[in-house]
Amino acid sequence: FEAGEKRDALLDDLHELDGFLAQRLEQVGAGGNQGLPDALQLDATEISSRLATVREVRFALESDHTRHLLLLSEPRYLERQERSLCQLLDASDKMAALASGLEARQAELRMELAASRPKYEAAVLRVQAVKSDFEAALSKQMDGRRINLMGAINAL
């Protein structure tokens, strides 16, 4: 089937048979079975079945997968596919290296975050203490009225 002439001849025959069966199906639908011998008279379901089979075979032979399989016998196509696969493999290796680098960086950042957590908590406690001292100082200046600071400082 690799010979192009034979493949083209087969596909031409299948196209012709497809057209014939489609035309015959229309004729049978219009009552055109008269004048044929009994052995050649087929009903619409039999013709539809044969037409579906012919189309299935034709589409299988014309599919991209079949075309790809036929091209595998050509050296230039194989070389091009090899280059393409090598490029994909190189890109995959680069991405794997980047991924491992990012994982290492992520681990470093987690360690830094864990190390800075006590400093952050100490700073939050210090800010809350300064806030309460500031509220108390303002309260003294306002004749002992209770002062509550509002805003982002309360979100700590």
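Everything quoted here is computed from the prediction, not taken from an experiment. (Residues numbered from 1 in each chain as written. Predicted model: local features only at pLDDT ≥ 70, side-chain atom pairs only at ≥ 80, totals over all residues. Heavy atoms only, no water.)

Colleague: Looking at this model, I keep getting lost on the pattern of salt bridges. Mind explaining?
Modeller: Side chains that differ in sign of charge can pair as their charged atoms come close. Scanning all chains against the criterion turns up 8 salt bridges. Where Glu62 meets Arg58, a salt bridge forms, and the shortest distance between an N and an O atom there is 4.0 Å. For Arg58, a relative accessible area of 11% corresponds to the buried category. Residues Lys131 and Glu135 are paired through a salt bridge, measuring 3.8 Å at the closest nitrogen-oxygen approach. A residue pair is termed a helical-turn pair when its members lie 3 or 4 positions apart in one helix, as Lys131 and Glu135 do in helix α4 (residues 75–141) at 4 residues. (Salt bridge = Lys/Arg side-chain N within 4 Å of Asp/Glu carboxyl O. Buried < 20%, exposed > 50% of the residue type's maximum accessible area, 1.4 Å probe, protein only. Helix = DSSP H or I, 4+ residues; strand = E, 2+ residues; numbered from the N terminus.)

Colleague: Would you explain the nonpolar core in this entry?
Modeller: It is characteristic of soluble globular proteins that their nonpolar side chains tend to be buried jointly. Core analysis: the largest hydrophobic core is formed by 6 residues, namely Leu14, Leu21, Val28, Ile47, Leu51 and Val54. The set of elements that each furnish at least two residues to this core consists of α1 (4–29) and α2 (44–61). Ignoring any residue separated from it by four or fewer positions in sequence, one finds Val54 in contact with Leu14, Leu17, Asp18 and Leu21. (Core = buried A, V, L, I, M, F, W, Y, C linked by side-chain atoms within 4.5 Å. Contact = heavy atoms within 4.5 Å.)

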